[in-house]
Amino acid sequence: MSTVAERLGASWSTARALIQRWPETQAAFEAEREGLLDAAESLIHRAIHEGDVQSAKWLLSRLGRHRGYGDHVEVSGRQAMEIVLRWPDEEAGLKALEVEVGDGE
């Protein structure tokens, strides 16, 4: 948004209003965003080829889900289970939230 505003010689809020109003300005905004995404993809690509393990893990978590990579675990079925989440609490030392997940019966 800032780049489009600068190119228009307008404030951020004016640029946003123009983007919402004029198809030409919307197209310029989308082109700028696509260029930014292209640059980010190039950096990730280069980092992975240079051996950056964190970038490789991040990419696998986003694009490798069909191969079993990801940030979450999916559980399906009709059996009930108990899930306990724990996180530090300044006052109590440890706090727990218990959630029962079942099939609705």
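Look above for the structure.
As a starting point, this report considers the structure included with it. (Residues numbered from 1 in each chain as written. Predicted model: local features only at pLDDT ≥ 70, side-chain atom pairs only at ≥ 80, totals over all residues. Heavy atoms only, no water.)

1. Some points on the side chain of Thr 25
Position of Thr 25 among the secondary structure elements: in helix H3 (residues 23-49). Classification of Thr 25 as buried rests on a relative accessible area of 12%. Once residues lying within four places of it in the same chain are set aside, the contact partners of Thr 25 are Val 4, Leu 8, Leu 18 and Ile 19. (Helix = DSSP H or I, 4+ residues; strand = E, 2+ residues; numbered from the N terminus. Buried < 20%, exposed > 50% of the residue type's maximum accessible area, 1.4 Å probe, protein only. Contact = heavy atoms within 4.5 Å.)

2. Comments concerning a negative patch on the surface
The grouping of Glu 30, Glu 34, Asp 38 and Glu 41 at the surface amounts to a negative patch. Along the chain, Asp 38 falls in helix H3. (Patch = residues over 30% accessible without salt bridge, like charges linked within 9 Å, V, L, I, M, F, W, Y side chains within 5 Å. Areas by Shrake-Rupley, 256 points an atom, 1.4 Å probe, with all protein chains shown as cover. Salt bridge = Lys/Arg side-chain N within 4 Å of Asp/Glu carboxyl O. Lys, Arg positive; Asp, Glu negative; His and termini not counted. Charge placed at Lys NZ, Arg CZ, Asp CG, Glu CD.)

3. Focus on H3
Spanning 27 residues, H3 covers 39 Å between terminal C-alpha atoms, matching the ideal 39 Å at 1.5 Å per step. Within H3 the residues assigned to the buried category are Thr 25, Phe 29 and Ala 47. Buried residues in H3 make contact with helix H1 (2-8), helix H2 (12-21) and helix H4 (53-63). Following H3 by one or two positions, Gly 51 adopts a phi angle in the positive range, close to 95°. (Expected span 1.5 Å × (residues − 1).)

4. A closer look at the packing of H3 against H4
Relative to each other, H3 and H4 sit at 125°, their axes nearing to 8 Å. Considering the angle they form, H3 stands oblique to H4. Between H3 and H4 lies a crossing of left-handed hand. Contact with H3, carried on its side by Ile 44, Ala 47 and Ile 48, involves Ser 55, Ala 56, Trp 58 and Leu 59 of H4 and no other residues of that element. In terms of residue class, the contact of H3 with H4 is built from 6 nonpolar, 1 polar and no charged. (Axes fitted to C-alpha atoms, helices over the stretch in contact; angles between N-to-C directions. Parallel < 35°, antiparallel > 145°, perpendicular 65-115°, else oblique. Left-handed = near helix turned anticlockwise from the far one by under 90°. Nonpolar A, V, L, I, M, F, W, Y, C, P; charged D, E, K, R; others polar.)

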